[in-house]
Amino acid sequence: MQDLIISLNKNTLRISTIDKEATLKTAVADVPKEIADDTRILDTAGFASILGDAVSQVSVLSKNKLSLNFVMEPQDILLRYVTVSKNGQELGDQIVSEIKAKDPDLPLENLYFSYKKMAPFVYQFIGIRKDVIENYLEVSNAVGIGLKSVVPWVLALQKYEKINDPAIFVSKIDGDQVIALSELNGVFFAGTYKTEKTPEELAGLVKELSFYKRSSPIKGIFTFKCDSFEMP
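Residues numbered from 1 in each chain as written. Predicted model: local features only at pLDDT ≥ 70, side-chain atom pairs only at ≥ 80, totals over all residues. Heavy atoms only, no water.

Caption draft 1: Representation of the overall build of the protein in the model. For the protein, the count of helices and strands is five helices and 14 strands. A compact globule built from 232 residues would reach a C-alpha radius of gyration of about 17 Å, and the protein, at 19 Å, matches this within 12%. Here the C-alpha coordinates of the protein stretch approximately 55 × 50 × 35 Å along the principal axes. The long-range share in the protein, meaning contacts at least 24 apart out of those at least 6 apart in sequence, stands at 57%. For the protein, the computed accessible surface area is about 12900 Å², with 51% contributed by carbon and sulfur atoms. When the 27 basic and 31 acidic side-chain charges of the protein are each reduced to a single mean position, those positions are 6 Å apart. (Helix = DSSP H or I, 4+ residues; strand = E, 2+ residues; numbered from the N terminus. Rg over C-alpha atoms; globule rule 2.2 N^0.38 Å. Contact = heavy atoms within 4.5 Å. Areas by Shrake-Rupley, 256 points an atom, 1.4 Å probe, with all protein chains shown as cover. Lys, Arg positive; Asp, Glu negative; His and termini not counted. Charge placed at Lys NZ, Arg CZ, Asp CG, Glu CD.)

Caption draft 2: A look at the pairing of strand 7 (residues 77–83). When you tally the buried positions in strand 7, you get six out of seven residues, the bulk of the element. One ladder, built from seven bridges, connects strand 7 with strand 9 (residues 122–129); its direction is antiparallel. Following the sheet pairing, Thr83 is matched in strand 9 by Val122. (Buried < 20%, exposed > 50% of the residue type's maximum accessible area, 1.4 Å probe, protein only. Pairing = 2+ DSSP bridges.)

Caption draft 3: Quick peek at the nonpolar core. If you look at the biggest cluster of nonpolar residues, it comprises 43 residues, and the most contacted ones within it are Leu13, Ile15, Phe47 and Leu51. Counting residues in each nonpolar core, the second largest holds 16 residues, with Tyr81, Val170, Leu205 and Ile218 among its members. (Core = buried A, V, L, I, M, F, W, Y, C linked by side-chain atoms within 4.5 Å.)

Caption draft 4: Representation of helix 1 (residues 44–58) within the structure. Helix length check: helix 1 (15 residues) gives 21 Å between terminal C-alpha atoms against 21 Å at 1.5 Å per residue, within 8%. Residues of helix 1 that are buried: Thr44, Gly46, Phe47, Ala48, Ile50, Leu51, Ala54, Val55 and Val58. If you follow the buried residues of helix 1, they end up packed against strand 1 (2–9), strand 2 (12–18), strand 3 (24–30), strand 5 (40–41), strand 6 (66–72) and helix 3 (130–143). Measuring from the backbone nitrogen of Ala45 back to the side-chain oxygen at the start of helix 1 gives 3.2 Å, which picks out Asp43 as the cap. (Expected span 1.5 Å × (residues − 1). Polar contact = N/O pair within 3.5 Å; in protein donor to acceptor, adjacent residues only side chain to side chain.)

Caption draft 5: Local environment of the side chain of Asp176. Among the structural elements, Asp176 can be located in strand 12 (residues 176–183). There is a polar contact of 3.3 Å between the side chain of Asp176 and the side chain of Lys194.

By themselves, these figures tell us nothing about what the structure is for.
Rendered as structure tokens:
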């Protein structure tokens with residue numbers, strides 16, 4: 001089975017794969033605004049047609065030997081840490097209650113979500129908009145290639161750096177500033193901002209959202225596509 005890695009950002013479709021000779025192949029296509037709005041697919045049939053043409057540029061295998069893997073942008077996901085206790089309440093109910101307490105205006109009914117244990121009584125919560133997932137499934141059906149995974153790329157940052165210590169990741173992606181806060185080898189917050197956060201604003205964000213009370217500041221700051229970034 002050959003994996004196809006797909007991303008959609010700023011109406012640009014990118015598809016990459018590594019063939020059996022370990023050769024990286026990539027195709028890029030512009031997606032009309034009536035078919036997609038930035039990262040959101042509006043016309044699944046039209047998007048599937050563009051995707052099908054791109055697939056033919058990177059692989060000669062039959063569709064039943066390919067799989068789709070969509071890389072999600074930070075603005076389309078919700079990442080949080082939650083704590084649970086041994087109070088007899090079902091685990092899923094506890095996690096939902098904690099998320100509602102942290103984000104009372106969050107429409108959980110519009111999300112597909114999952115959670116993973118990070119430490120005793122600590123869970124990583126991952127929520128993805130239902131309409132985004134359903135569009136991916138419709139594209140998969142229309143193009144005739146199975147959907148294997150949907151991966152928020154910010155979750156790969158701390159694994160790429162191979163760190164377990166608390167860390168801040170600051171990225172510039174197509175003019176937006178992306179900030180991810182990491183701890184316990186997971187991500188407890190990710191945000192996308194049109195206006196860049198200053199070092200002072202970022203320090204305040206870390207203080208507000210940090211999972212643990214801190215006696216010392218986070219020392220690991222990683223940047224990607226940033227000309228410069230300083231933080232006291």
